[in-house]
Amino acid sequence: MTIVFLVTLDRHLHTPMYFFLGNLSMMDMSCSTVALHKPLITFISRDRSVLFRSCFAQMYSFLAITCDELLILTAMSYDRYVAICNPLRYIEVMSSKVCSLLACLSWILGFMNIIPCLLEISGFTCYTSLEVNHFFCDIMPIMKLTCNDTTSLEQYIFLEGVLFATLTPFILTFISYIFIIRTILRIRSSSGKRKAFYTCSSHLTVVTLLYGTLSYQYFRPISSVSLESNKLYSLFNTAAVPILNPLIYSLKNKDVIAAMKRRCRCFKTRAVEAKIKK
Ligand SMILES: *[C@@H]1O[C@H](CO)[C@@H](O)[C@H](O)[C@H]1NC(C)=O
């Protein structure tokens, strides 16, 4: 929330990189909210039941937002590619129109991409048990419960989840980074090298973190997935990663820290002014 707030209010952060970071933070926020609201409610009310349709809504939103995140990270890698490999045309290429288009596309494609999978699951009529062995309705635990044939669902997951939503973004990000590294290696001065690397190090960290946890969690044959260890990874993915992303971007980042200080000062002055008026 702090990042979204700063990116929206601070004029110095009105650049493509922070525009995308703002969107990534919104996705992170939605992702944790979608996945973790039920465990929190259970914690207070001890009511562990969940409506079938809520379970579906949760599964849909969670998968769609995860997909959104991978797409926005790809847009961010394109932004870094233009910034480092084509700096003279950066402002022209990453115009606000292009940025908005990329951000909107990321949101929309993510939500559209999941629809066929969900239609398939909604056709399931037979469940061996109605007890979901997880702290939210994720696709794997639900798949383990059904006694309907999951072959076509697994094919959809492979096509949309693996090929379209993960492998394509991954390859695009990877290609951007090959170009970026090539350009960085060509820079003569070591301070120039460090500076160029510095501007994409945060993005690289976030990308590695997300792809690392996702590939461990989802890219194994369903029979070998142990739901117990899956829970731990899900918790990491839904609670830790969304907190780490903005931290990685802001702690090391002089611009964000400067913006934070400016905001604090601004609030202090306003508080003092309010006191004086009183
Ligand atoms: C995220 O993207 C949308 C759509 O392009 C844009 O209107 C919005 O301002 C962005 N959010 C942030 C926090 O930058």
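Residues numbered from 1 in each chain as written. Predicted model: local features only at pLDDT ≥ 70, side-chain atom pairs only at ≥ 80, totals over all residues. Heavy atoms only, no water.

Labelled according to an unreviewed UniProt entry, the chain appears under the name G-protein coupled receptors family 1 profile domain-containing protein, originating from Engystomops pustulosus.

Participant: What's the story with the layout of surface pockets in this structure? I'm lost.
Facilitator: It is the rolling of a water-molecule-sized probe over the atoms that shows where space remains empty. In this model, the largest pocket occupies a volume close to 620 Å³. Looking at the largest pocket, it is lined by 23 residues, and the ones nearest its centre are Arg48, Ser49, Val50, Val132 and His134. Of all the secondary structure elements, the ones that give two or more residues to the lining of the largest pocket are α2 (16–45), α3 (52–85) and α7 (139–145). When grouped by side-chain class, the residues that make up the lining of the largest pocket number 15 nonpolar, 4 polar and 4 charged. Roughly 330 Å³ of volume is contained in the second largest pocket. In terms of lining, the second largest pocket is formed by 16 residues, of which the most central are Leu71, Thr74, Ala75, Leu102 and Leu172. Residue composition of the lining of the second largest pocket, grouped by class: 11 nonpolar, 5 polar and no charged. (1 Å grid on protein atoms, 1.4 Å probe; cavity = no way out; pocket = protein on both sides within 12 Å on 5 of 7 lines; lining within 4 Å. Points joined across faces, edges and corners; volume = space filled by probe spheres on them. Helix = DSSP H or I, 4+ residues; strand = E, 2+ residues; numbered from the N terminus. Nonpolar A, V, L, I, M, F, W, Y, C, P; charged D, E, K, R; others polar.)

Participant: What is the right way to read the packing of helix α1 (residues 2–9) against α2 from this model?
Facilitator: A pair of packed helices is characterised by two quantities: the angle between their axes and the separation of those axes. The N-to-C vectors of α1 and α2 enclose an angle of 150°; their axes lie 8 Å apart at closest approach. By the angle class used here, α1 and α2 are roughly antiparallel. Of the two elements, α1 crosses α2, and the hand of that crossing is left-handed. Here Ile3, Val4 and Val7 of α1 lie close against α2, whose contacting residues are Tyr18, Phe19, Leu21, Gly22, Ser25 and Met26. Among the residues forming the contact of α1 with α2, the class breakdown is 7 nonpolar, 2 polar and no charged. (Axes fitted to C-alpha atoms, helices over the stretch in contact; angles between N-to-C directions. Parallel < 35°, antiparallel > 145°, perpendicular 65-115°, else oblique. Left-handed = near helix turned anticlockwise from the far one by under 90°. Contact = heavy atoms within 4.5 Å.)

Participant: I tried to follow the state of the cysteines on my own but got confused; where do I start?
Facilitator: Where two cysteines share a covalent bond between their sulfur atoms, that bond is called a disulfide. A full pass over the atoms with the stated rule returns 2 disulfides. Note that cysteine 55 is cross-linked by a disulfide to cysteine 137, the S-S spacing being 2.0 Å. Taking the sign of the S-S torsion, -110° for the link of cysteine 55 and cysteine 137, the bridge is left-handed. Placement of the pair is cysteine 55 in helix α3 and cysteine 137 in the loop between α6 (115–122) and α7, with a sequence separation of 82 residues. Like cysteine 55, the residue cysteine 137 is buried in the burial classification. With a sulfur-sulfur separation of 1.5 Å, cysteine 126 is cross-linked through a disulfide to cysteine 147. Here cysteine 126 and cysteine 147 share a disulfide; its torsion about the S-S bond, -85°, makes the bridge left-handed. With cysteine 126 in the loop between α6 and α7 and cysteine 147 in the loop between α7 and α8 (151–186), this pair connects stretches of sequence that are 21 residues apart. (Disulfide = S-S within 2.5 Å. Buried < 20%, exposed > 50% of the residue type's maximum accessible area, 1.4 Å probe, protein only.)

Participant: What's the story with α8 in this structure? I'm lost.
Facilitator: Between its terminal C-alpha atoms α8 stretches 49 Å, which fits the 52 Å expected from 36 residues at 1.5 Å a residue. Turning to α8, its buried residues are Leu153, Glu160, Val162, Ala165, Thr166, Pro169, Thr173, Ser176, Tyr177, Ile180 and Ile184. (Expected span 1.5 Å × (residues − 1).)

Participant: Looking at this structure, how should I read the site of the ligand?
Facilitator: Every residue near the ligand is listed here: Val4, Phe19, Gly22, Asn23, Met26, Ser100, Ala103 and Cys104. Within the backbone of phenylalanine 19, an N or O atom sits 3.4 Å from an oxygen atom of the ligand. The fraction of the free accessible surface of the ligand (360 Å²) that becomes covered by protein chains is 68%. At the level of secondary structure, the elements contributing two or more residues to the shell around the ligand comprise α2 and α5 (96–113). For the shell around the ligand, the element with the highest residue contribution is α2, accounting for 4 residues. Of the residues in the shell around the ligand, the class split is 5 nonpolar, 3 polar and no charged. (Near = heavy atom within 4 Å. Polar contact = N/O pair within 3.5 Å; in protein donor to acceptor, adjacent residues only side chain to side chain. Areas by Shrake-Rupley, 256 points an atom, 1.4 Å probe, with all protein chains shown as cover.)

Participant: Help me understand the packing of α3 against α8 in this model?
Facilitator: Two elements in contact, α3 and α8, have axes separated by 9 Å at closest approach and are oriented at 20°. When the interaxial angle is binned, α3 and α8 end up roughly parallel. Here the hand of the crossing between α3 and α8 comes out left-handed. Residues Cys67, Leu70, Leu71, Thr74, Ser77, Tyr78, Arg80, Tyr81, Ile84 and Cys85 of α3 form the contact with α8, whose own contacting residues are Ala165, Thr166, Pro169, Leu172, Thr173, Ser176, Tyr177, Phe179, Ile180, Thr183 and Ile184.

Participant: Looking at this structure, how should I read empty space enclosed by the protein?
Facilitator: Evaluated as defined, the whole model comprises 3 cavities of 30 Å³ or more. Of the pockets and cavities examined, the second largest cavity occupies roughly 50 Å³. Together, Asp28, Cys31, Thr66, Glu69, Leu210, Leu214, Asn237, Val241 and Pro242 line the second largest cavity. Elements with a minimum of two residues in the lining of the second largest cavity: α2, α3, α9 (190–218) and α10 (227–251). A per-element tally of the lining of the second largest cavity places α10 first, with 3 residues. In terms of residue class, the lining of the second largest cavity is built from 5 nonpolar, 2 polar and 2 charged.

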